[in-house]
Amino acid sequence: MSKFENYLLNVDKKQKIMIYIIVIIVLLFIVNFITVPMREELDGLESNIARVEQSIAKNSVNSLKKEIALKSKELLSINNEIEKQKEISTGLLSKLYTLKYAFFNEKEFANSLDEMLKKSLNAHLRIDFIKSINVPKEDTMKLLKHKKRLEIGGTGEYKEIVSFIHHIEQLEAVLKFSSIRIESLNETVKFLLIVDIYGVGL
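Since this is a predicted model, take the numbers as computed values, not measurements.

Basis of the calculations
Residues numbered from 1 in each chain as written. Predicted model: local features only at pLDDT ≥ 70, side-chain atom pairs only at ≥ 80, totals over all residues. Heavy atoms only, no water. Core = buried A, V, L, I, M, F, W, Y, C linked by side-chain atoms within 4.5 Å. Buried < 20%, exposed > 50% of the residue type's maximum accessible area, 1.4 Å probe, protein only. Helix = DSSP H or I, 4+ residues; strand = E, 2+ residues; numbered from the N terminus. Contact = heavy atoms within 4.5 Å. Phe/Tyr/Trp six-rings, centres within 6.5 Å; stacked < 30°, edge-to-face > 60°. Lys NZ or Arg CZ within 6 Å of the ring centre and 35° of its normal. Expected span 1.5 Å × (residues − 1). Pairing = 2+ DSSP bridges. Salt bridge = Lys/Arg side-chain N within 4 Å of Asp/Glu carboxyl O. Polar contact = N/O pair within 3.5 Å; in protein donor to acceptor, adjacent residues only side chain to side chain.

Looking at this structure, how should I read the nonpolar core?
Looking at soluble globular proteins, one finds that nonpolar side chains tend to be buried together. With 19 residues, the main nonpolar core has Met116, Ile152, Phe164, Ile168, Leu175 and Leu193 as its most contacted residues. Ranked by residue count, the leading element in this core is strand β4 (residues 188-200), at five residues. Excluding residues within four positions of it along the chain, Ile168 makes contact with Met116, Ile152, Leu175, Phe177 and Leu193.

When you look at the packing of aromatic side chains in this model, what are you seeing that I'm missing?
Two measures describe an aromatic ring pair: the distance that separates the ring centres and the angle between the ring planes. In total, this model carries one aromatic pair according to the counting rule given. Note on Phe164 and Phe191: the rings are 6.2 Å apart at their centroids and 55° apart in plane angle, and the pair reads as tilted. Taken together, the positions of Phe164 in helix α4 (residues 158-169) and Phe191 in strand β4 put the pair 27 residues apart, joining distant regions of the chain. The exposure class assigned to Phe191 is buried, which follows from its relative accessible area of 2%. Sitting over the face of the ring of Phe129, Lys131 holds its NZ or CZ atom 5.2 Å from the ring centroid.

Would you mind showing me how to read α4 here?
Owing to its 3.6 residues per turn, the α-helix brings residues three or four apart onto one side. With 12 residues, α4 extends 17 Å from end C-alpha to end C-alpha; this agrees with the ideal 16 Å at 1.5 Å per step. Against the buried residues of α4 lie α3 (106-122), β1 (126-133), β2 (144-156), β3 (174-185) and β4.

What is the right way to look at the pairing of β4 in this model?
Two faces belong to every sheet, and in a regular strand the side chains alternate between them. Burial runs high along β4: 11 of the 13 residues are buried. In this sheet, β4 lies alongside β2 in antiparallel orientation, the contact comprising 12 bridges. Note that in β4 the partner of His146 across the bridge is Tyr198. In this structure, β3 lies alongside β4, joined through 11 bridges in antiparallel fashion. Bridging across to β4, Lys176 finds its partner in Asp196. Here β3 hands over to β4 after two residues, with Asn186 in that stretch at a positive phi of 55°.

Mind showing me how you'd approach the side chain of Thr155 here?
For Thr155, the location among the structural elements is in strand β2. Residue classification places Thr155 among the buried positions, given a relative accessible area of 14%. With sequence-adjacent residues up to four places away left out, Thr155 is seen in contact with Leu125, Arg126, Asp128, Thr188, Val189, Lys190 and Phe191.

Just to check I follow, could you spell out the pattern of salt bridges for this structure?
Side chains carrying opposite charge are able to pair once their charged atoms draw close together. Inspection of every chain in the model, using the stated rule, returns four salt bridges. Asp114 serves as the salt-bridge partner of Lys118, at 3.3 Å between the closest nitrogen and oxygen. Here the residue Lys118 and the residue Asp114 both occupy positions in helix α3, the gap between them amounting to four residues, near one helical turn. On the basis of relative accessible area, Lys118 is assigned to the partly exposed category, the value being 48%. For Arg149, the salt bridge is made with Asp196, and the minimal N-O distance between the two is 2.5 Å. Within this pair, whereas Arg149 is found in strand β2, its partner Asp196 is found in strand β4, the two being separated by 47 residues in sequence.

Sorry, what's going on with the environment of Asp196 here?
What makes Asp196 buried here is its relative accessible area of 1%. In this structure the C-alpha to C-alpha distance between Asp196 and Leu175, which are 21 residues apart in sequence, comes to 5.5 Å. Not counting residues up to four positions away in its chain, the partners in contact with Asp196 are His146, Lys148, Arg149, Val174, Leu175, Lys176 and Ser178. For Asp196, the side chain forms a polar contact with the side chain of His146, separated by 2.9 Å. Among the polar contacts made by the side chain of Asp196, one reaches the side chain of Ser178 at a distance of 3.3 Å.

Looking at this structure, I do not really get the side chain of Ser120. What am I missing?
Within the secondary structure, Ser120 sits in helix α3. In this structure the side chain of Ser120 is engaged in a polar contact, spanning 2.6 Å, whose partner is the backbone oxygen of Leu117. Other than its neighbours up to four places away in sequence, Ser120 contacts Leu125, Ile127 and Phe164.

Before we go on, may I ask you to explain the environment of Ile152 in this structure?
If you trace the backbone, Ile152 turns up in strand β2. The spacing of Ile152 and Leu193 is 41 residues in sequence and 5.1 Å in space, taken between C-alpha atoms. If we ignore the near neighbours within four places in the chain, the residues touching Ile152 are Met116, Ile127, Phe129, Ile130, Phe164, Ile168, Phe191, Leu192, Leu193 and Val195.

Okay, here's the thing in structure tokens:
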């Protein structure tokens, strides 16, 4: 048994209590001396963390607000452009509606064929054939659609053939010649015309 233990056994009760109190006070002082700085450091860290979190949240909100404002501006610009294009399209369509011949019509097409034949008779041309050729498939989104393709063959005088071609060009129809072949054949001239006819398809 150590001297300190012997001393505790022999000391009176009051002194024993005083020793225990001193030991407790010393222990409390040591604990307080160690834990208070640690507590302060922990509080400081928690405070820093809170500040960083607030800063991140604030910056995130500001960043989001800027992004939203930018996208809203872009969307407004796109909507304005769409409205402009709609106005242009509406204007073009209204102009198209004033051109009756821009819209393909089977009855008008038959009338055009009749006019061609009358002109050929008046011009003393001999029409050997008028054939309708299958139209190739095309993009369905196009406003102007390929409606008919005609192949017209015959013979006659060069001057009258040119006049006949000019007459076809003047017909009230949206058309173009995709091929014009004229060649001499003895005393007459042979011709072969391929005419594409279009119409607005809405």
